[in-house]
Amino acid sequence: MSGADAVRDYPVRAAVTRRFTLGVPRDVAIVGPAGARTILALRSDAGDDPVTHLWRIDPVTGEEVRLLDARALGRDEADLPAEERARRERVREQAGGVTAYTVDRAGRRVACALGGQLVVVDVTSADARVLDLDVPVFDPRISPDGSMVALHHGDGVSVVALDDARPALRRLVEEPDAVWGRAEFAAAEEMGRQRGMWWSPCSTRLAVARVDESMVRRAHLADPSRPERAPTELAYPFAGTPNAQVGLAVVDVATGARTLLDVVGVAGQDAEYLARVSWEVEPLLVGCQPRDQRALHVLAHADGSLRTVRRIAAEPWVELVPGAPAWLGGLLTVEDVAGADGMLRRALCHDGTPLTPTGVEVRALLAVHRGTDGRSGAVVCAVSHDDPTSIDVVVVRVGEDAPSDVRVSAPGAGLHHAALALDADGDVELAVHRRVDLDHDGPTFTIGGRGVPEGLTLRSVAEPVGLTVDVRMLELGPRRLRAALVLPVGAAADGPLPVVLDPYGGPHAQRVLAARGAYHGSQWLAEQGFAVLVIDGRGTPGRGPAFEHAVHTDLATHALEDQIAGLDAAADIEPRLDLTRVGIRGWSYGGTLATLAALRRPDRIRCAVVGAPVTDWRLYDTHYTERYLGHPDVDPEAYARSGVVHADGTLVGPDPGAEDAPHAELLVVHGLADDNVLAAHSLRLTEALHAAGRPFTFLPLTSATHMASDPQVAARLLEVQARFLQRGLGIGAA
């Protein structure tokens, strides 16, 4: 494919391939005992095939065996339970077929849901059984010993004994006025807790979340293009309103006897949110947070009692880190720790003692490997060293005289991930390394370890992108803002070039990464005649707690300042940037930032593409919003500072010095089925723009959620954005 063809066809190809992620191995796991390891992974058959299958890969020969053919066994995606559709939306899942699986401790059996059916697969023989249970199955969890599966249906939890002659459902827990075994909205969307069930290590008990949403406000999502359909009702905890009441019970699987843990009695006001549950080994760990999120209260349940293990307190909030807390002869946590210079770093701690040194920012705990004594072992961590645009994998050993921070990912900039099997001494026996960098369009997977031939890889069948990517990684201004400048290739780059800012720019997400695939969309946009500038300002992760905390009580001002300061600093480096013609585009928080830029800095911004923006933070959820802005009744000024549309329906005004600038034009896009950022945000924005006589275009996507998953809609949306920005910045269509 020629470069010109790749640019021309990119919108359609990017949509059909789900941004070139189809056909890439994912959810890679190493299973089985030492000496008999095997690799499991999910992957579709081609880069334009959205149906994902389960595969077994031999770590010595690389031979692939399809364990589960989703097309052969699955029902139509229209049969998905509502809970599964919601889960996919929470994790932004864009594929179908087998999208998640669980495996027993021995690596012998796999359980998954396929089209609402329970499927169990024997890893060795590749025998797949569909268990016809006459109920829509959601989130099946196989027991560690592989004998049972727990699953959610009908707002309750049931178990299936797999070795019975005729496996059948046995109801374990249900209640008329509560939901058991499913994560509530705030946990799934904001806390990273997608689960509501956890097996005990001995496979005899289940910890099950109990959710009472009776006090939670309701949102109603309607499809105006289908007026005959009733609106969908959603329990949505708007900022400042009641949360779901979430408890945790331990249920004896054999008898059904239920013990509701007295989390409130032990944790008190810290029990507003059930943020974490872990039961890989004894004890059962429970992590809860108060409403203001200034603490993480970790409790342990063992021998029938519940006790506090550790309470982590921090200002202005305690960050929830994936994989933590965990247990390894003591409590593993990730905490904000002050160094000798007083600067905070995010460190792995064991019973409160930091294990990782200054200069290392812990991003996630990927796995915990326990020694035979149960007290020592190794923790696999994702970390950033001195470069926040890169993520490395390190193994931190825990125990007497154990060295720390042993790097296992390959050197060089990029995003690294690894599935590891360690021996009893904590040394790598088998590893699957995933690397994304600036030299490759997609991930590369390398298999390594004892007895593994050199050069063995996991096969990817992703479509080639075909774009030539011209990206310069920059550090801008006194804050050393990380940025990526993407220019058109060839004669079109001669300049002067109008500039499109292309940020997310807010908490919990980075756009500036040492990954070529992160800039495909920006490169395509650059080929339409722009210089595209991506800037991560204050509030984005990877730079340490202080950088993230800068947006506390104000989600607007510093984030916007950093976009403008970064723009000016980039122009000092690259003289082809035309600062008289600047636009901005963004989605979600990026859409909020784009709106703020257009309304507050019309002296610098001529036009803005605004996708699914939060325009009034009182209409967003509790856990995210109150972490940064507090309770709206306590600090209403924080909401006023951060918002786009005021409580009285008027718009935020221009910053001092920008009052006389012409109004910037906005293209506002929102999916009317969005259950994360409700369409009310954009509707109130466009109403306020209309009342103020401001120029705007509104594009409602009638059936789209927070992600435009329909390939045709997604492709056309890119083209509409490009045409709008070309017109707004005074260049002819490419």
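Residues numbered from 1 in each chain as written. Predicted model: local features only at pLDDT ≥ 70, side-chain atom pairs only at ≥ 80, totals over all residues. Heavy atoms only, no water.

Q: Explain the packing of aromatic side chains residue by residue, including any values.
A: Under the counting rule described, the total for this entry stands at 10 aromatic pairs. Ring geometry for Trp 317 and Tyr 628: centres 4.9 Å apart, planes at 85 degrees, overall edge-to-face. You can see Trp 317 sitting in the loop between β24 (305-313) and β25 (326-327) and its partner Tyr 628 sitting in helix α10 (residues 622-629), a full 311 residues away along the chain. The burial state of Trp 317 is the same as that of Tyr 628; both residues are buried. Pairing Tyr 624 with Tyr 628 gives two aromatic rings, centres 5.0 Å apart and planes at 70 degrees, and the pair type is edge-to-face. Remark: Tyr 628 and Tyr 624 occur in helix α10; sequence separation between them is four residues, near one turn of the helix. The two residues Tyr 624 and Tyr 628 agree in class, both being buried. Aromatic rings pair up to connect Trp 317, Trp 617, Tyr 620, Tyr 624 and Tyr 628 into one cluster. The ring of Trp 55 has Arg 43 sitting right over it, with the charged end atom 4.4 Å from the ring centre. The ring of Phe 547 carries the charged tip of Arg 543 above its face, separated from the ring centre by 4.3 Å. (Phe/Tyr/Trp six-rings, centres within 6.5 Å; stacked < 30°, edge-to-face > 60°. Helix = DSSP H or I, 4+ residues; strand = E, 2+ residues; numbered from the N terminus. Buried < 20%, exposed > 50% of the residue type's maximum accessible area, 1.4 Å probe, protein only. Lys NZ or Arg CZ within 6 Å of the ring centre and 35° of its normal.)

Q: Describe the environment of Glu 626, and please don't skip the residues or the numbers.
A: Within the fold, Glu 626 resides in helix α10. Measuring from C-alpha to C-alpha, the distance between Glu 626 and Ala 4 comes to 47 Å, with 622 residues separating the pair along the chain. Not counting residues within four places of it along the chain, the set of residues in contact with Glu 626 comprises Ala 239, Gly 240, Tyr 273, Arg 291, Gln 293, Asp 621, His 631, Pro 632 and Tyr 639. Of note is the side chain of Glu 626, whose polar atom sits 2.8 Å from the backbone nitrogen of Gly 240. (Contact = heavy atoms within 4.5 Å. Polar contact = N/O pair within 3.5 Å; in protein donor to acceptor, adjacent residues only side chain to side chain.)

Q: Outline helix α12 (residues 680-691), supporting the account with residue identities and numerical values.
A: Since one α-helical turn is 3.6 residues long, residues separated by three or four positions face the same way. The end-to-end C-alpha separation of α12 is 16 Å, in line with the 16 Å expected for 12 residues at 1.5 Å each. Among all positions of α12, only His 681, Ser 682, Leu 685, Thr 686, Ala 688 and Leu 689 are buried. In an axial view of α12, the angular spread of the buried residues amounts to 160 degrees, which keeps them on one side of the axis. Across α12 from its buried face, at more than 90 degrees, point the exposed residues Glu 687, His 690 and Ala 691. Looking at the packing, one finds that the buried side of α12 touches α9 (589-600), β41 (607-611), β42 (665-671) and β43 (696-701). (Expected span 1.5 Å × (residues − 1). Arc of directions from axis to C-beta.)

Q: Please set out the sheet that holds strand β36 (residues 471-476) residue by residue, giving values where relevant.
A: Spatial ordering of the open sheet is given by β36-β37-β39-β38-β40-β41-β42-β43, a layout of eight strands whose pairing is mixed. Since the sheet does not close on itself, it has two edges, and those belong to β36 and β43, each with one partner. Pairwise comparison of adjacent strand axes, ignoring direction, gives a mean angle of 20 degrees for this sheet. Where β36 meets strand β37 (residues 481-486), six bridges bridge the pair, whose relative direction is antiparallel. The residue bridging Met 473 from the neighbouring strand is Ala 484, located in β37. In this fold helix α8 (residues 557-573) packs onto β36, β37, β38 (497-501), β39 (531-536) and β40 (577-587), with an angle of close to 130 degrees to the strand it touches most, β39. (Pairing = 2+ DSSP bridges. Axes fitted to C-alpha atoms, helices over the stretch in contact; angles between N-to-C directions.)

Q: An account of the sheet that holds β24 is requested, with residue identities and associated values reported.
A: Strand order in the open sheet formed by four strands is β21-β22-β23-β24, and the pairing between neighbours is antiparallel. The sheet terminates laterally at β21 (273-278) and β24, the two strands that pair on one side only. On average, adjacent strands in this sheet sit at an angle of 25 degrees to one another, irrespective of strand direction. By the bridge criterion, eight bridges tie strand β23 (residues 295-302) to β24 in an arrangement that is antiparallel. For Leu 296, the partnering residue across the bridge sits in β24 and is Ile 312.

Q: I'd like a description of the side chain of His 416, backed by residues and values.
A: Looking at where His 416 falls in the secondary structure, it is placed in strand β33 (residues 415-422). One polar contact links the side chain of His 416 to the main-chain carbonyl oxygen of Gly 412, over a distance of 3.4 Å. In this structure His 416 touches Ile 391, Asp 392, Val 393, Ser 409, Ala 410, Arg 434 and Arg 435, once residues within four positions along its chain are discounted.

Q: I'd like a description of the pairing of β39, backed by residues and values.
A: Across the six residues of β39, six count as buried, placing the element largely inside the fold. Taking every second residue as pointing to the same face, both faces of β39 are buried, with Ala 531, Leu 533 and Ile 535 on one and Val 532, Val 534 and Asp 536 on the other. With five bridges connecting them, β37 and β39 associate as antiparallel partners. Directly across from Arg 482, in β39, lies its bridge partner Asp 536. Two strands pair when backbone bridges link them, and β38 and β39 are joined in this way by three bridges, in the parallel orientation. From the neighbouring strand, Val 500 faces β39, where its bridge partner is Val 532. This β-α-β element, β38 to helix α6 (residues 520-526) to β39, shows right-handed connectivity. (Right-handed = clockwise from strand over helix to strand, strands pointing away.)

The quantities given are spatial measurements derived from coordinates; they are silent on function.
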